[in-house]
Amino acid sequence: MVAVRLENITKRFGEVTAVDDVTVDIAEGELFFLLGPSGCGKTTLLRTIAGFEEAEAGRVFFDGRDVTSVPPHRRNTGMVFQNYALWPHMTVAENVAYGLKVRSVSKSELQQRVASALEMVRMASHSQRYPNQLSGGQQQRVALARALVINPGCLLLDEPLSNLDAKLRLEMRDEIRRIHRETGVTMIYVTHDQKEALSMAQRLAVISEGRIVQVGPPEDVYHEPADVFVAAFVGETNLLKGTIKEFSGGAITVLTDLGEVTGRAAARIDASRGGPCLVSIRPEDIRPAESDGDNVVAGRTVQYTFLGDVGQLLFESGGHVMKALVIAPSGNERPDRLYLPPDRVLIFEPGVLEGRGGRDV
Amino acid sequence: MSEGPSHKGPGAVLFAALVSIFLGFFLLYPMGLMLQRAFIVEGSFTMALFTSLWRDPNRLDAIRNSMLIGVTVTALCIVVAAPLAVITGRYSFPGKRWLTGLVLVPMIMPPFVGAIGMRQIMARNGAVDIILVRLLSFFNIVSPDTMGLVDLTRGGLVGVIILETLHLYPIMYLNLTAALANVDPALEESARNLGASPWRLFRTVTFPLTMPGLFAGSIICFIWAFTDLGTPLVFHFHRVIPVQIFNDAKAVNENPASFAMVVLVILLCAAAFALSKRLSGRRTYYMLSKNTRGAAGVPLGRRGTLLAYAAFGVVTTLAVIPHISVFLLSISRTWVGTALPSSVTLEWFSDVFSREDTMVGIRNSLFYSTGSTMIDVVIGVGIAYVLARRRMFGRGALDIVAMMPLALPGFVLAFGYVAAFVGSRSFHFLDPFVNPTALLMVSYSVRRLPFMVRSVYAGFQQVSPSFEEASMNLGATPQRTLRKITIPLVSANILAGAMLCFSFAMLEVSDSLILASERGFYPITKVIYALSMDIQRGPNLAAAMGMLGMALLVVSLLISGRVLGERMGELFRA
């Protein structure tokens, strides 16, 4: 097991900068996520750790040892590919045994380690099958076993669940966490699925356009997004344009189309300059209100959707539609006022959202 | 995001260097030498050799005839292949798969072998002549005793054109069907939707979109017909470029004008190839969706189906006449003045296996072809790997050089070898007039290298690079990965390519005729040619050997077709 350090990694493909000066430390035994939209450079970063991409600049360290120029086959990483890459001309057992044969492991030890690896992923009974005789989920398990059996310094997973159906995906999330617990291996996991990252990661890095925007435990990233991109990409949020009216301490009062809203300053905002800003509040933080008051917006509910445990409101106010989640049934499915708790309202610098898939209200 | 590992191992660089030396020495060097001998006389640049071509009526006649053959055959191929391509590309009917398979049948025999059989049935008092006399006398137009009404072999030009067309139309068909399959049906449907009549649709949408395929097919047909040596030789039609070069090659240094003639052919082929690339390159349209037509197509009614069967039936029947004639010749004891042999025998086949000259030919060819196939496997797999997997300096140049033999006529390469190595003191061991073994292997392998490269390249494209990355990730060196993962995964494609290379090498005509000058070194094709010139028993023996060659080609085409499936056609495309 190794600690991985990426230092000032930059990687270009022709004119495109896929990874732009990325520095990050991943602790030994950590389950670390690289999260970002497709094309943000997260897979390139993973392939740089594996040695399949040579970075134009920067260094890769395993336990403080510089491995930047070590070729892929001498890095001792285990990689799980998005398409699994199980060799079709070998059985399950042969696939898993491959890395051990390369390492000249004795025959008896090899058999024993292959068996226990297949045991670990619950595929022992399928060892003589060929990959094309397996379902997607089974292939996924074999790919995991093949990467784990060599006792890799770190396990690299490239969108491992993206080819599975929804139910299997949830199941495999728990499986991978169990395997992480049982092996204690350093895992670096690439995904564009923010729910996957939030539910599994010990820490995650949010990546956008080749840069790391924020690193931290899921709770921190979710509740204290560093900028409006993270707020919109990790979880769902309502965004409003506004103008800073006044600030005192951490509290900022903003003038919006819905009236005055007071909230907290996000990590990277200089409120003292005044001017335009973005107001963000997550749907689950909004509550129906009985009467007017501070941070209460008036309008009307245009749609109520029953989702089982919660209900979802589409609420129109000041020419904007915002989304709110309420406990269902709440007894008040069509409120005409909503309360935005000031400690849940975040005020961001404007302008970083353009073209990044956030929802602008 | 990536095309694969970007690490440049020393192995890859070393391999690229070796391939460059091989192709440089055996492809570029002879070509350069011919260019030099054609343009530079006594140390200075001159066009004198070319102007002398123009003043020599024999040379001019040969150039005219070759051009005529090339253009006529190409036009006839389009006429024959286009309707068939439209039928299979646009409609579906029962038995379509079988019929489309039949289209490829003519390819299983080199046209000069067919010519040996056709000589028998197209000559005066041959089957065609006799049937014609019977027909006409039945209607009392001529007397039944009339002997010899037509002789299609006379002069030879007509016979050559017929043989070449019947041999080459499948190549045109493969190119046209591929082009048609590439046209997104939605493009046509939207034109129909906007009110275009079927004819207008064809003229304004379908035809322009299939132009690249038409060009590609035309270029190959033209070059192959223009440069075929065997067929005119068998028909004793000597007034064409390849035969003149063949005769010149026996004494290279006596007639410098032949260098000008060869260079003329090279330039013409290069121009045709460049033109086709340019036209098809500019006209490679991006299709928005991958075609969904595939196996589907508009179902034909009963009458339509009958018409489709008729079209395929007529063409295929015509196309197998040479094969049938060779077959009949190979089993006929006596066949004089009758439509069919009057008595049959298998003695020619047993003769083939008991005579010394035929057995030497078979042994030689097996040896040469095995050697050339091994060269093709090593070099072809390597080149395909570099093209498909490596981002390496000079990759584009490698691609062009490796594909060059497609446009390079066999007799040109062979002539270049004769010019470069006959009487050579530094490369004495390569002198073909001393021992042609090495050069025959090399020329067979260079000529068929594109088949190998394309076949294996297709395999690499179907194998995801992550298979190889997974292996390296688990600690295998690039060499071990190549051995344990990559090669096994493309082994079927290597086999298919090797089968094709081997069987085409076994039946390679022009380099065999030019490079092998002593009986002891004759390969099969030169033995067949020599036998066909022996009026007594020769043609029957030649036909029997041709039948064996045909059997070999059938087997290898079936195996390769099974492996490559739809992509088989790519091997025969410019």
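Given the structure is predicted, the values throughout are model-derived calculations rather than measurements.

What follows concerns the overall build of chain A. For chain A, the helix and strand inventory stands at eight helices and 21 strands. Along the longest, intermediate and shortest principal axes, the C-alpha atoms of chain A span 75 × 45 × 30 Å. Looking at chain A residue by residue over its 361 residues, the buried ones come to 54%. At a minimum sequence separation of 6, the contacts of chain A that also span at least 24 residues come to 67%. Carbon and sulfur atoms make up 47% of the accessible area of chain A, which amounts to about 15600 Å² in all. Between the averaged position of the 40 positive side-chain charges in chain A and that of its 47 negative side-chain charges there is a distance of 7 Å.

Okay, helix α4 (residues 136–148) of chain A next. Residues and elements named next belong to chain A. The terminal C-alpha atoms of α4 lie 18 Å apart, and with 13 residues this matches the ideal 18 Å at 1.5 Å per residue to within 8%. Among the 13 residues that make up α4, eleven are buried, leaving the element largely enclosed by the rest of the structure. When α4 is considered as a whole, its buried residues turn out to be G137, Q139, Q140, R141, V142, A143, L144, A145, R146, A147 and L148.

To continue, consider the environment of A205 of chain A. All names here are of chain A. By secondary structure assignment, the location of A205 is in strand β9 (residues 203–208). A C-alpha to C-alpha distance of 23 Å links A205 and L144, two positions 61 residues apart in sequence. Apart from the residues lying within four places of it in its own chain, the contact partners of A205 are F32, F33, L34, L35, I212, Q214 and V215.

Moving on, we get to the pattern of salt bridges. Residue and element names in this part refer to chain A. On inspection of all chains with the given rule, the structure shows 29 salt bridges over all chains. Of the charged contacts, one joins R113 and E109 as a salt bridge, the two residues approaching to 3.0 Å between their closest N and O atoms. With a gap of four residues between them, R113 and E109 both fall in helix α3 (residues 107–120), about one helical turn apart. Linking R178 and E175 is a salt bridge whose minimum nitrogen-to-oxygen distance equals 3.0 Å. Placement of both R178 and E175 in helix α5 (residues 166–183) is noted, with a separation of three residues, approximately one turn of the helix. Pair check on accessibility: R178 and E175 agree, each one buried. Salt bridges sharing common partners tie together R122, R141, E175, R178 and E182.

All names here are of chain A. Across seven bridges, strand β11 (residues 238–248) lies against strand β14 (residues 275–281) in antiparallel orientation. Across the sheet, the residue bridging to I244 is G275, located in β14. Sheet topology note: the β11/strand β12 (residues 251–256) ladder contains six bridges and is antiparallel. Paired with F247 across the bridge in β12 is I252. In this structure, the hairpin formed by β11 and β12 is closed by a connection of two residues, where G249 is found at a positive phi of approximately 60°.

Let us look at the domain arrangement of chain B. Residues and elements named next belong to chain B. Under the domain assignment used here, chain B contains domain 1 (1–32 + 362–462 + 494–538) and domain 2 (46–321). Approximately 2300 Å² of surface area, both sides summed, lies buried where domain 1 meets domain 2, with 85% of it carried by carbon and sulfur atoms. Area buried by domain 1 at its contact with domain 2 is led by A407, F411 and F415, which between them contribute 28% of it. Joining domain 1 to domain 2, the criterion identifies zero salt bridges. For the pair domain 1 and domain 2, the interface holds zero residue pairs in polar contact (both at pLDDT 80 or more).

This paragraph deals with the environment of F367 of chain B. All names here are of chain B. With respect to the helices, strands and loops of the structure, F367 is situated in helix α15 (residues 356–389). By relative accessible area, which is 52% here, F367 ends up exposed. Taking the C-alpha atoms as reference points, F367 and T231, separated by 136 residues in sequence, lie 25 Å from one another. Not counting chain neighbours up to four residues away, the residues in contact with F367 comprise T437 and M441.

A word on the sheet that holds β14 of chain A. Spatially, the five strands close up into a barrel ordered β11-β12-β13-β21-β14 (chain A), and their pairing is mixed. Averaged over all pairs of adjacent strands, the angle between their axes in this sheet comes to 55°, without regard to strand direction.

Residues and elements named next belong to chain B. Axis separation between helix α5 (residues 111–122) and helix α6 (residues 127–138) bottoms out at 5 Å; the angle between their running directions is 25°. Comparing the axis directions of α5 and α6 gives the class roughly parallel. Note on element contacts: α6 touches α5 through A127, V128 and D129, opposite Q120, I121 and M122. Across the contact of α5 with α6, the residue classes tally to four nonpolar, one polar and one charged.

A word on the pairing of strand β10 (residues 211–216) of chain A. All names here are of chain A. Examined bridge by bridge, β9 and β10 share five bridges and lie antiparallel to one another. Across the sheet, the residue bridging to V206 is Q214, located in β10. Linking β9 to β10, which pair antiparallel, is a turn of two residues; within it E209 sits at a positive phi near 50°.

Residue and element names in this part refer to chain B. For helix α4 (residues 96–103), the complete set of buried residues consists of K96, L99 and V103. One side of α4 carries all its buried residues, which in axial view fall inside an arc of 65°. In this structure, α4 carries R97 and W98 as exposed residues pointing more than 90 degrees from its buried face.

On to unusual backbone geometry. All names here are of chain A. Look at E209: it is not a glycine, yet its phi comes out positive at around 50°. Inspection of the secondary structure puts E209 in the loop between β9 and β10. Looking at E209, the relative accessible area reads 57%, which means it is exposed. Even without being a glycine, N295 presents a positive backbone phi close to 55°.

What counts and how
- Residues numbered from 1 in each chain as written.
- Chains lettered and ligands numbered in written order.
- Predicted model: local features only at pLDDT ≥ 70, side-chain atom pairs only at ≥ 80, totals over all residues.
- Heavy atoms only, no water.
- Helix = DSSP H or I, 4+ residues; strand = E, 2+ residues; numbered from the N terminus.
- Buried < 20%, exposed > 50% of the residue type's maximum accessible area, 1.4 Å probe, protein only.
- Contact = heavy atoms within 4.5 Å.
- Areas by Shrake-Rupley, 256 points an atom, 1.4 Å probe, with all protein chains shown as cover.
- Lys, Arg positive; Asp, Glu negative; His and termini not counted.
- Charge placed at Lys NZ, Arg CZ, Asp CG, Glu CD.
- Expected span 1.5 Å × (residues − 1).
- Salt bridge = Lys/Arg side-chain N within 4 Å of Asp/Glu carboxyl O.
- Pairing = 2+ DSSP bridges.
- Domains from an automatic or database assignment.
- Buried area = accessible area lost by both parts, 1.4 Å probe.
- Polar contact = N/O pair within 3.5 Å; in protein donor to acceptor, adjacent residues only side chain to side chain.
- Axes fitted to C-alpha atoms, helices over the stretch in contact; angles between N-to-C directions.
- Parallel < 35°, antiparallel > 145°, perpendicular 65-115°, else oblique.
- Nonpolar A, V, L, I, M, F, W, Y, C, P; charged D, E, K, R; others polar.
- Arc of directions from axis to C-beta.

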